[in-house]
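One letter stands for each residue in the lines below.
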Amino acid sequence: MNIASKLPNVGTTIFTKMSALAAEKGAINLSQGFPDFPADTRLLERASQALLQGNNQYSPMTGLPILRDAIGDLIARHYDRKVDPVNEITVTSGASEAIFDAISSLVHPGDEVLLFDPAYDLYEPAVQLAGGVCKRVVLKAPAFRPDWTEVDTLVSDKTRLVLINTPHNPTGTCWQNEDLEQLWQIISTRDIHVLSDEVYEFIHFQTKSVSVHQHELLRERSVIVSSFGKSFHLTGWKVGYVVAPSALTRELRKVHQFVTFCTATPFQQAIAEHLNEVPEASAELAGFYQQKRDVLRQALEGSRFTLLPCEGTYFQLLDYSAISDLDDVAFCEHLIEQVGVAAIPVSVFYQNPPTGQKLIRLCFAKDESTLIVAAQQLAQL
Ligand SMILES: Cc1ncc(COP(=O)(O)O)c(C=O)c1O
């Protein structure tokens, strides 16, 4: 029987492909964005205690109250903003679920959604499943700054949502206050919401990233998404959260309750206790990753790669134009097979990649010794 696919152009993601090829060839895997080091032992112990103490049934649909309160405190500490944990914070199964819930609840068939390419691979399929249409603003290397005139031109009466991501995967750029202000000026007189993907909210270096939490007007229209997978080195736990004004939260929860209903209760309990007992952990994250970024960059100094600036996230972009004429997918396959290092081709984050762009993404959420060996192998090219 013929299956009429709702996502005919979606196949296996490049992350799965590159990780599988890296495993097959025994290459160092700097492709997929996950840490290769353990999380804080105290957090792991809290999770095992939570399991043994019987926190193993459904939590409230909106998330454990202790966790929503702790998230409220986290937001107050970082952004000096008071949010209502009962009506404005929802715990989700990773940021992915939060993004999916937000898009499903806000986008109607025929609505347009503006996003910035290169974009995280989940956005477009979620918009398509909701019957929406993506309009893309292309961010160009090396600065990857939005052209606000182009954004203004692309916004129409059909635009329902603008999807932003800062600190930005894969480019490592961070938006500033002016960016949020420009966005606000464009959408303020229209019926448009913002979905702000801030999963790397605590990982930004000398150039600080601004959060939608800090823009008093924009945040009243926005759904802000984050992930403890990124902040606590626990991508496999899939615990995220979403902050939105109560009217938006009500709509989003209608989807959330049927997608997952709730997120693993013992992990929620453990994260809540950890946030309360080690409140400084999130503020220490930037320094922790800056060290890793600098180790990788220093080890690549003098190589034939050009290193692009990295203001935030745990991703470093490299330009390989001086090394090869291959396109970036072929170059990444070559790297795995001949150099023993797996990376991600940046073109996969674009619908129409800029011609001639030769960029790969390395994940530096790895032990320093791994980063050094990988860089030494890359530097031989
Ligand atoms: C930009 C961005 N958004 C969302 C996610 C998904 O986060 P989670 O693992 O919490 O679902 C990721 C994970 O890599 C990401 O890089």
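Predicted model, so just to flag it, every value in this text is computed and none were measured.

So, how was this worked out
- Residues numbered from 1 in each chain as written.
- Predicted model: local features only at pLDDT ≥ 70, side-chain atom pairs only at ≥ 80, totals over all residues.
- Heavy atoms only, no water.
- Near = heavy atom within 4 Å.
- Polar contact = N/O pair within 3.5 Å; in protein donor to acceptor, adjacent residues only side chain to side chain.
- Areas by Shrake-Rupley, 256 points an atom, 1.4 Å probe, with all protein chains shown as cover.
- 1 Å grid on protein atoms, 1.4 Å probe; cavity = no way out; pocket = protein on both sides within 12 Å on 5 of 7 lines; lining within 4 Å.
- Sits in = over half its atoms within 2 Å of the grid points.
- Helix = DSSP H or I, 4+ residues; strand = E, 2+ residues; numbered from the N terminus.
- Salt bridge = Lys/Arg side-chain N within 4 Å of Asp/Glu carboxyl O.
- Buried < 20%, exposed > 50% of the residue type's maximum accessible area, 1.4 Å probe, protein only.
- Points joined across faces, edges and corners; volume = space filled by probe spheres on them.
- Nonpolar A, V, L, I, M, F, W, Y, C, P; charged D, E, K, R; others polar.
- Domains from an automatic or database assignment.
- Contact = heavy atoms within 4.5 Å.
- Buried area = accessible area lost by both parts, 1.4 Å probe.

Let's shift gears to the site of the ligand. Taken together, the neighbourhood of the ligand is formed by 13 residues, with Ser96, Asp197, Tyr200, Ser227 and Lys230 sitting nearest. Here Asp197 contributes a side-chain N or O atom positioned 2.6 Å from a nitrogen atom of the ligand. Here an oxygen atom of the ligand sits 2.7 Å away from a polar atom, N or O, in the side chain of Lys230. Summarising the interface, the protein chains cover 92% of the accessible area of the ligand, which totals 400 Å² for the free molecule. Assessed atom by atom at 2 Å from the grid points, the ligand resides in the largest pocket. Among the elements that make up the shell around the ligand, the one with the highest residue count is helix α4 (residues 94-106) (four residues).

This part is about the pattern of salt bridges. In the structure shown here, the tally under the stated rule is 10 salt bridges. Between Lys25 and Glu24 there is a salt bridge, with its nearest N and O atoms 3.7 Å apart. Residue classification places Glu24 among the exposed positions, given a relative accessible area of 61%. Two residues, Asp117 and Arg136, come together in a salt bridge whose shortest N-O distance is 2.5 Å.

A separate point is empty space enclosed by the protein. What the rule picks out here adds up to one cavity of 30 Å³ or more. Lining the largest cavity are 14 residues, with Phe116, Leu163, Ile164, Asn165 and His168 positioned closest to its centre. Elements that contribute at least two residues to the lining of the largest cavity include exactly β3 (112-117) and β5 (159-165). At three residues, the largest contribution of residues to the lining of the largest cavity is made by β5. A breakdown of the residues in the lining of the largest cavity according to their chemical character gives 10 nonpolar, four polar and no charged.

What the domain assignment reports for the chain is domain 1 (14-39 + 282-379) and domain 2 (55-277). Taking only C-alpha atoms, the centre of domain 1 and the centre of domain 2 are 25 Å apart. On the domain 2 side, the residues contacting the 33 residues of domain 1 number 35 residues. Carbon and sulfur atoms supply 63% of the area buried between domain 1 and domain 2, which totals about 2800 Å² over both sides. For the interface between domain 1 and domain 2, the tally reads 13 residue pairs in polar contact (both at pLDDT 80 or more). Mapped by element, the contributors of at least two residues to the side of domain 1 that touches domain 2 are α11 (281-300), β10 (315-319) and β13 (359-363). Broken down by element, the residue count for the side of domain 1 that touches domain 2 peaks at eight residues, all from α11. Considered class by class, the residues forming the side of domain 1 that touches domain 2 number 22 nonpolar, eight polar and three charged.

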